[in-house]
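Topology and contacts: notes
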Amino acid sequence: MKRIWISNAIIVNEGRKFKGSVVTEGEYIAEILEGEQTPQAPTDETVDAKGCYLIPGVIDDHVHFRDPGLTHKADMQSESTAAAAGGVTSFMDMPNCNPQTTTLEALEQKFADAAQKSRVNYSFYFGATNNNAPLLAQLDKTHVCGVKLFMGASTGNMLVDRMDTLRTIFSEAGMLIATHCEDQHIIRQNTEAFKKKYGEDLDVKFHPAIRSREACLASSQLAVQLAKETGARLHILHISTADELELLEDKPLTEKRITAEACVSHLMFCDEDYSTLGARIKCNPAIKSHADRDALRHALTTHRIDVIGTDHAPHLLTEKQGGALKAVSGMPTLQFSLVSVMELVRDGVLSIEQLVKKMCHAPALLYQISKRGFIRTGYKADLVLLNPETEWQLTPDCILSKCGWSPMEGKTFHAKVEKTFVNGQLVFDGKHVTDELHGQVLTFNR
């Protein structure tokens, strides 16, 4: 098996930052060397990582690759390519595609497609509906990352709103339940009130008032209540308000049954940005206030927010035309998620060690992923070389996502992904993503 020596790196792993090297052998990490130590056995190739951080590959627990059925704007191949270029070596994809991943047959087909298309590692959520709860017991818990539950309608309209069904899902899922929490009754009331006052297609600046903080809090409160009553393993996705943070415990994720995710979109933008970016930053839950953004950022330095995901949701720009009620919700953020959070490191919001914890270690622990998310001997060699001192501007020609645009366009970054390894194979060399497929299905220790 080919042995690669990644030398002269600054390794960031498990709360430490130190000079060292890593040797990969085939798919695995064979040696971790500190300081000037050299490999115990000959190597076939040397990669000089001088000036770069060496971190575990990013694990994104929340993406929408639109495959199958919506592939005019994204597909498994294009978005896994974007992932590789962004240092994301594993993803977990959502069920609101076409057909929706709400049957065992549709789920099996997505795994089969990914095996033929994905350049990085993968798993898929099973979508809960008002009618498919009996299927939950049949899911393969070793390969299915979780059950996705829309407690608010979003793209694809998979809303589950019957209380008896919600209780059944929480009681019988038998695995992690990932929730989209927005109270649909409050949203409907807000929509009618704003339409009556301002007309049919409201300015996008009203989006956070329609899909309000009250709607988010009420739904998250219900999810927490149901989880506590049933003992379910709850993971609340894309927390967007300071209020919801009060529902979460400030203790290590291994000590709690209710965890939460913050998304890059809510960490990087606030409602002041609607004036310049308009519907490009329209997403559900809505981007909210500057104070909410700051509260989420602060929560990254505590145990209240456990992981950073993206909710990567590509649409064509033609689908983003209109205001708060007509433009579709969602934005592509996957390829530039790591470098975006690196800007928070640069600004002193969090440390590089905390970034690695929230984007690499914590997703692996939270989902109980086998042998990934850490730089450890015997673990899969999902690794990223990240240059923290390279200034560059995001221009359209950089974008690999099929939709062809990014809300980050024009932004200057100060960190750059230099290389991405997936299962020991170099899939991104700083300029190009390989055409070869090295992604594997994720395995969960449950």
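Look a little higher up for the structure.
Read on for an overview of the structure. Note that the structure is predicted; figures quoted are calculated from it, not measured. (Residues numbered from 1 in each chain as written. Predicted model: local features only at pLDDT ≥ 70, side-chain atom pairs only at ≥ 80, totals over all residues. Heavy atoms only, no water.)

**Quick word on the overall build of the protein chain**
The secondary structure content of the protein chain amounts to twelve helices and 18 strands. The C-alpha atoms of the protein chain give a radius of gyration of 21 Å, which matches the 22 Å a tight globule of 446 residues would have. Summarising its shape, the C-alpha atoms of the protein chain cover approximately 70 × 45 × 40 Å along the three principal directions. In the protein chain, which comprises 446 residues, the proportion classed as buried is 61%. Pairs at least 24 apart in sequence give 74% of the contacts found in the protein chain among residues at least 6 apart. As displayed, the protein chain offers around 16600 Å² of accessible surface, 47% of which is attributable to carbon and sulfur atoms. Here the protein chain contributes 48 positively and 57 negatively charged side chains, and the mean placements of these two sets differ by 2 Å. (Helix = DSSP H or I, 4+ residues; strand = E, 2+ residues; numbered from the N terminus. Rg over C-alpha atoms; globule rule 2.2 N^0.38 Å. Buried < 20%, exposed > 50% of the residue type's maximum accessible area, 1.4 Å probe, protein only. Contact = heavy atoms within 4.5 Å. Areas by Shrake-Rupley, 256 points an atom, 1.4 Å probe, with all protein chains shown as cover. Lys, Arg positive; Asp, Glu negative; His and termini not counted. Charge placed at Lys NZ, Arg CZ, Asp CG, Glu CD.)

**Comments concerning the packing of helix α1 (residues 76-85) against helix α2 (residues 104-117)**
Any two packed helices are characterised by the angle at which their axes cross and by the distance between the axes. Where α1 contacts α2, the two axes come as close as 9 Å, and the packing angle between them is 60 degrees. With respect to each other, α1 and α2 are oriented oblique. Crossing angle aside, the handedness with which α1 passes α2 is right-handed. Contact residues: Met76, Gln77 and Ser80 in α1; Lys110, Ala114 and Lys117 in α2. (Axes fitted to C-alpha atoms, helices over the stretch in contact; angles between N-to-C directions. Parallel < 35°, antiparallel > 145°, perpendicular 65-115°, else oblique. Left-handed = near helix turned anticlockwise from the far one by under 90°.)

**Some details on the sheet that holds strand β8 (residues 121-127)**
Spatially, the eight strands line up as an open sheet ordered β6-β7-β8-β9-β10-β11-β12-β13, and their pairing is parallel. Because the sheet does not close on itself, it has two edges, and the strands there are β6 (58-63) and β13 (307-309). Taking the axes of each pair of neighbouring strands and ignoring which way they run, one obtains an average angle of 30 degrees across the sheet. When strand β11 (residues 234-236) meets strand β12 (residues 258-263), the two strands line up parallel, connected through three bridges. Looking at β12, one finds that His235 is bridged to Thr259. Sitting on the sheet, helix α12 (residues 352-367) is in contact with β6, β7 (88-93), β8, β11, β12 and β13, with an inclination near 65 degrees to β6. (Pairing = 2+ DSSP bridges.)

**A short note on the layout of surface pockets**
Approximately 330 Å³ is the volume attributed to the largest pocket. Around the largest pocket, the lining comprises 16 residues; the ones closest to its centre are Gln335, Cys398, Lys416, Phe428 and Gly430. Those elements that place two or more of their residues in the lining of the largest pocket are β15 (392-393) and β17 (416-422). For the lining of the largest pocket, the per-class residue count stands at nine nonpolar, four polar and three charged. (1 Å grid on protein atoms, 1.4 Å probe; cavity = no way out; pocket = protein on both sides within 12 Å on 5 of 7 lines; lining within 4 Å. Points joined across faces, edges and corners; volume = space filled by probe spheres on them. Nonpolar A, V, L, I, M, F, W, Y, C, P; charged D, E, K, R; others polar.)

**A short note on α1**
Within α1, nine of the ten residues are buried, which leaves the element mostly enclosed by the surrounding structure. Buried within α1 we find Met76, Ser78, Glu79, Ser80, Thr81, Ala82, Ala83, Ala84 and Ala85. The elements touched by buried residues of α1 are β7, α2, β8, β17 and β18 (425-428). Two or three places before Gln77, at the start of α1, stands the capping residue Asp75, its side-chain oxygen 3.0 Å from that residue's backbone nitrogen. The first or second residue beyond α1 is Gly87, which carries a positive phi of 80 degrees. (Polar contact = N/O pair within 3.5 Å; in protein donor to acceptor, adjacent residues only side chain to side chain.)

**Observations concerning the environment of Asp201**
Tracing the backbone shows Asp201 in the loop between α4 (184-198) and α5 (207-210). Along the chain, Asp201 and Gly322 lie 121 residues apart, while their C-alpha atoms are 7.2 Å from each other. Leave out the neighbours within four places in its chain, and Asp201 touches Gly322, Gly323, Ala324, Leu325 and Lys326. A polar contact of 3.0 Å, which involves the side chain of Asp201, links it to the backbone nitrogen of Gly323. A polar atom in the side chain of Asp201 sits 3.3 Å from the backbone nitrogen of Lys326.

**Points about the pattern of salt bridges**
Scanning the model with the defined rule gives 23 salt bridges in all. The salt bridge partner of Asp382 is Arg372, with a shortest N-O separation of 2.7 Å. One end of the pair, Asp382, is in the loop between α12 and β14 (383-387); the other, Arg372, is in the loop between α12 and β14, and ten residues separate them in sequence. Taking relative accessible area as the criterion, Arg372 reaches 3% and is therefore assigned buried. Via salt bridges that share partners, Arg3, Glu25 and Glu31 belong to a single interconnected network. (Salt bridge = Lys/Arg side-chain N within 4 Å of Asp/Glu carboxyl O.)

**Focus on the packing of helix α3 (residues 163-172) against helix α6 (residues 213-230)**
Where α3 contacts α6, the two axes come as close as 9 Å, and the packing angle between them is 50 degrees. If you check the angle between α3 and α6, you find them oblique. The two elements α3 and α6 meet at a crossing, and its hand is right-handed. Together, Met163, Leu166, Arg167, Phe170 and Ser171 of α3 and Leu222, Ala223, Gln225, Leu226, Ala227, Glu229 and Thr230 of α6 make up the contact between the two elements.

**Describing the environment of Ala324**
Assignment of secondary structure puts Ala324 in the loop between β13 and α11 (337-346). For Ala324 and Asp271, which are 53 residues apart along the polypeptide, the C-alpha to C-alpha distance reads 13 Å. If we ignore the near neighbours within four places in the chain, the residues touching Ala324 are Asp201, Leu202, Asp203, Val204, Phe206, His207, Ile210 and Lys282.

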